[in-house]
Amino acid sequence: MEIKENNHEEMSAEISEISETTGQSENVENAEDNVEERGGVTEHGRRKKYVRDLCYVAMFVAVLTVCSWIAIPVSEISITLQTMGVCLAAGFLGWKRGTLCVIAYVLLGVCCVPVFSGFKNFYALLGSASAGYVIGFVFTALIVGFASDRLHLIGERHTGKVKTQILQLIVLAAAMVVGVAVCYFFGTLWFMVVYKGSVTADNLQTALVFCVYPYILPDAIKIIVATFLVNYLKKYIK
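Residues numbered from 1 in each chain as written. Predicted model: local features only at pLDDT ≥ 70, side-chain atom pairs only at ≥ 80, totals over all residues. Heavy atoms only, no water.

Student: Please clarify how the overall build of the chain should be interpreted in this entry.
Tutor: Along the chain, the regular secondary structure elements total 9 helices and 2 strands. What you see in the chain, going N to C, is helices and strands ordered as α-α-β-β-α-α-α-α-α-α-α. Burial status across the chain gives 35% buried among its 238 residues. Sequence-distant contacts, at least 24 apart, represent 67% of the contacts inside the chain between residues at least 6 apart. In the structure as shown, the chain presents an accessible area of about 14100 Å², 67% of it carried by carbon and sulfur atoms. (Helix = DSSP H or I, 4+ residues; strand = E, 2+ residues; numbered from the N terminus. Buried < 20%, exposed > 50% of the residue type's maximum accessible area, 1.4 Å probe, protein only. Contact = heavy atoms within 4.5 Å. Areas by Shrake-Rupley, 256 points an atom, 1.4 Å probe, with all protein chains shown as cover.)

Student: Which parts of the structure should I look at to understand the packing of aromatic side chains?
Tutor: Both the distance between ring centres and the angle between the ring planes are used here to describe each pair of aromatic rings. Considering all chains together, one arrives at 8 aromatic pairs under this definition. With 4.9 Å between their ring centres and 10° between their planes, Phe-139 and Phe-186 make a pair best called stacked. Pair noted here: Phe-139 is in helix 5 (residues 131-149) and Phe-186 is in helix 7 (residues 161-194), with a separation of 47 residues, a long-range link. Exposure remark for Phe-186: the relative accessible area of 21% places this residue in the partly exposed category. Following the ring pairs from residue to residue traces out a cluster consisting of Phe-139, Phe-185 and Phe-186. (Phe/Tyr/Trp six-rings, centres within 6.5 Å; stacked < 30°, edge-to-face > 60°.)

Student: Explain the pattern of salt bridges to me, please; I cannot follow it from the model alone.
Tutor: Taken as a whole and judged by the stated rule, the model has 3 salt bridges. When the shortest N-O distance is used, the salt bridge between Lys-222 and Asp-219 registers 2.7 Å. Taken together, the residues Lys-222 and Asp-219, both in helix 9 (residues 216-233) and 3 residues apart, mark about one turn of the helix. Classification of Asp-219 by relative accessible area gives buried; the value is 6%. Ionic contacts of the salt-bridge type, sharing partners, join the residues Lys-49, Asp-53 and Arg-97 into one network. (Salt bridge = Lys/Arg side-chain N within 4 Å of Asp/Glu carboxyl O.)

Student: Help me out: how do you make sense of helix 3 (residues 82-110) in this one?
Tutor: Side chains of residues three or four places apart in an α-helix project in the same direction, reflecting 3.6 residues per turn. Under the 1.5 Å per step criterion, the end-to-end length of helix 3 is only 17 Å for 29 residues, more than 12% shorter than the ideal 42 Å. The largest bend in helix 3 comes to about 140°, at Gly-94. For helix 3, the buried fraction is high: 21 of the 29 residues fall into the buried class. Backbone geometry just after helix 3 places Cys-112 at a positive phi near 70°. (Expected span 1.5 Å × (residues − 1). Bend = angle between axes of the 7 residues up to and from the residue.)

Student: Just to check I follow, could you spell out the environment of Asp-53 for this structure?
Tutor: Mapped onto the secondary structure, Asp-53 falls in helix 2 (residues 43-69). Sequence separation between Asp-53 and Lys-238 is 185 residues, and the spatial gap between their C-alpha atoms is 8.9 Å.

Student: Any chance you could explain the packing of helix 5 against helix 7 here in plain terms?
Tutor: Think of two packed helices as two axes; the pair is described by the angle between the axes and how far apart they sit. Where helix 5 meets helix 7, the axes come as close as 7 Å, and the angle between the chain directions of the two elements is 160°. The pairing of helix 5 with helix 7 is recorded here as roughly antiparallel in orientation. Pair helix 5 / helix 7 crosses with right-handed handedness. Taken together, the residues that form the contact of helix 5 with helix 7 break down as 19 nonpolar, 6 polar and no charged. (Axes fitted to C-alpha atoms, helices over the stretch in contact; angles between N-to-C directions. Parallel < 35°, antiparallel > 145°, perpendicular 65-115°, else oblique. Left-handed = near helix turned anticlockwise from the far one by under 90°. Nonpolar A, V, L, I, M, F, W, Y, C, P; charged D, E, K, R; others polar.)

Student: Help me understand the side chain of Thr-140, please; the structure alone is not making it clear to me.
Tutor: Secondary-structure assignment places Thr-140 in helix 5. Ignoring anything within four residues of it in the chain, the contact list for Thr-140 reads Val-86, Cys-87, Gly-179, Val-180 and Cys-183.

Listed below in structure tokens is the structure:
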């Protein structure tokens, strides 16, 4: 009987210890939830955010790579989905993560990974007419991401849901237009440097015929698609 009583007491003690440990874990989790609800960030929360950010950046690097491989040859420069990929990355991720995504994409090319149009790496791209656009992508991401990060301010200043969505669409589309225009600038500048002295780059007007005019309509369509996708799906990406 004494042995049974001792065993029973030992089991009760172990159960109590397990209950206390479980209770402490639940208290810690509840405390972390309360801190996050009040706007604070715990160490666990920071690690989760860091991993989530890395996953998003990696995912959009892959999206950008696939977009660059989808190409329609037009003169010296192909029509690709790269500009839409950059606008999507910056629109969904904001200027910090979006720009980091584009930089990581370029660095993959520097590491000889064929991530650019025509399955080229960075060094193969340098001698082509389209390298300037890749440089411009970084600035496009900064501009579009900056606007995307501030879309919530429109919702805070305007109460009407429809009006807010229309204003957000306009602001986002305008940012993408400016971002793509900056990309055109770098692309045209690079084209004039690479083909300096040739008939195709003897003046700005001729360079624009090769670097800008054929791409305005396709890029306009890509901007419209990217604007609606970002505006309606951004809420699902933290």
